[in-house]
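Chains, contacts and geometry: an overview
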Amino acid sequence: MLRKAEIERIEATLEEMFPEAFCELVHQNPFELVVAVALSAQATDVLVNKVTPDLFAAYPTPDRLAVAPVEEIEAKIKRLGLYRNKAKNIKALAHQLLVLHDGEVPTDRAGLEALPGVGRKTANVVLSVAFDVPAFAVDTHVERVSKRLGICRWKDNVTQVEQTLMKRFKRERWSKLHHQFIFFGRYHCKAQRPNCLECPLLDMCRDGKKRTKGLVPSLESE
């Protein structure tokens, strides 16, 4: 387990590298956000942002989306993976918002997670971004970075990763750190080609040390 000083170093480094990290899914309100996050499963934010303008122009509110033919929804999001299931889910999500929440996105975790196509990660994003509720959403970037840096164990599942991150970092920092972890993983510590040789946290990174063995002699004895 990392020492407190090491956790503080990670936090300070992420703050220095990505002080303005933010949610890159383009949205205007909680409804658009929950739909966009639901669509982002197994898809990049860049691709989601390419399909949502037409989608939201056609169905700007839950009542419009709820009555839209699923085939029309599919056509608008066809570039996304699993688009057929996603079309059914967001249509059902809109219907449930109307029936159970007067067309408003619920502000509590239970209500969010009960929506079709919404899991814990999506709920965490909506809570933190739309409603300023501290949350630490774990996506592939957050999971990868937290394990490479030794904050979490390689064998930990996403729930265990989330619990560990919430325990090691202060609650008031969760939401911003979530975005900073994503930016770090998306633009620096990439899955296939991480920028190890220029990483300020290389000496802490288990994966990075293996990748740079023989290239950075000062790290081999650590």
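My aim in this report is to walk through the structure given alongside it, one point at a time.

Analysis parameters
Residues numbered from 1 in each chain as written. Predicted model: local features only at pLDDT ≥ 70, side-chain atom pairs only at ≥ 80, totals over all residues. Heavy atoms only, no water. Core = buried A, V, L, I, M, F, W, Y, C linked by side-chain atoms within 4.5 Å. Buried < 20%, exposed > 50% of the residue type's maximum accessible area, 1.4 Å probe, protein only. Helix = DSSP H or I, 4+ residues; strand = E, 2+ residues; numbered from the N terminus. Contact = heavy atoms within 4.5 Å. 1 Å grid on protein atoms, 1.4 Å probe; cavity = no way out; pocket = protein on both sides within 12 Å on 5 of 7 lines; lining within 4 Å. Points joined across faces, edges and corners; volume = space filled by probe spheres on them. Nonpolar A, V, L, I, M, F, W, Y, C, P; charged D, E, K, R; others polar.

What follows concerns the nonpolar core. Across soluble globular proteins, nonpolar side chains have a tendency to be buried as a group. Counting residues in hydrophobic clusters, the biggest one holds 38 residues, and the most contacted among them are V35 and L55. Elements with a minimum of two residues in this core: α2 (30-39), α3 (45-58), α4 (62-66), α5 (70-76), α6 (83-101) and α8 (120-131). With 8 residues, α2 is the single largest residue contributor to this core. Once residues lying within four places of it in the same chain are set aside, the contact partners of V35 are L55, F56, L65, I90 and L93. One finds I7, L149, I182 and C199 within the second-largest nonpolar core, a separate group that totals 29 residues.

Turning to the side chain of S40, a few remarks are in order. Topologically, S40 is positioned in the loop between α2 and α3. By relative accessible area, which is 8% here, S40 ends up buried. Those residues in contact with S40, other than ones at most four positions away along the chain, are L25, D45, V48, K86 and K121.

Within the secondary structure layout, A92 lies in helix α6. Taking the C-alpha atoms as reference points, A92 and V70, 22 residues apart in sequence, are found 9.9 Å from one another.

As a further point, take empty space enclosed by the protein. Once rolled over the atoms, a probe with the size of a water molecule shows which space is left empty. Evaluated as defined, the whole model comprises 1 cavity of 30 Å³ or more. Taken as a whole, the largest cavity encloses approximately 70 Å³ of empty space. Around the largest cavity, the lining residues are L149, F184, H188, C189, P194, N195, C196, C199, L202 and C205. Considering only residue class, the lining of the largest cavity consists of 8 nonpolar, 2 polar and no charged.

The volume enclosed by the largest pocket comes to roughly 650 Å³. Lining the largest pocket are 36 residues, with V37, S40, A41, K121 and D139 sitting closest to its centre. Taken together, the residues of the lining of the largest pocket sort by class into 17 nonpolar, 12 polar and 7 charged. Roughly 250 Å³ of internal volume is contained in the second largest pocket.

The next subject is the environment of V34. With respect to the helices and strands, V34 occurs in helix α2. Residue classification places V34 among the buried positions, given a relative accessible area of 0%. Separated by 59 residues in the primary sequence, V34 and L93 have C-alpha atoms spaced 9.3 Å apart. Leave out the neighbours within four places in its chain, and V34 touches L93, V105, L115, V118, T122 and V126.

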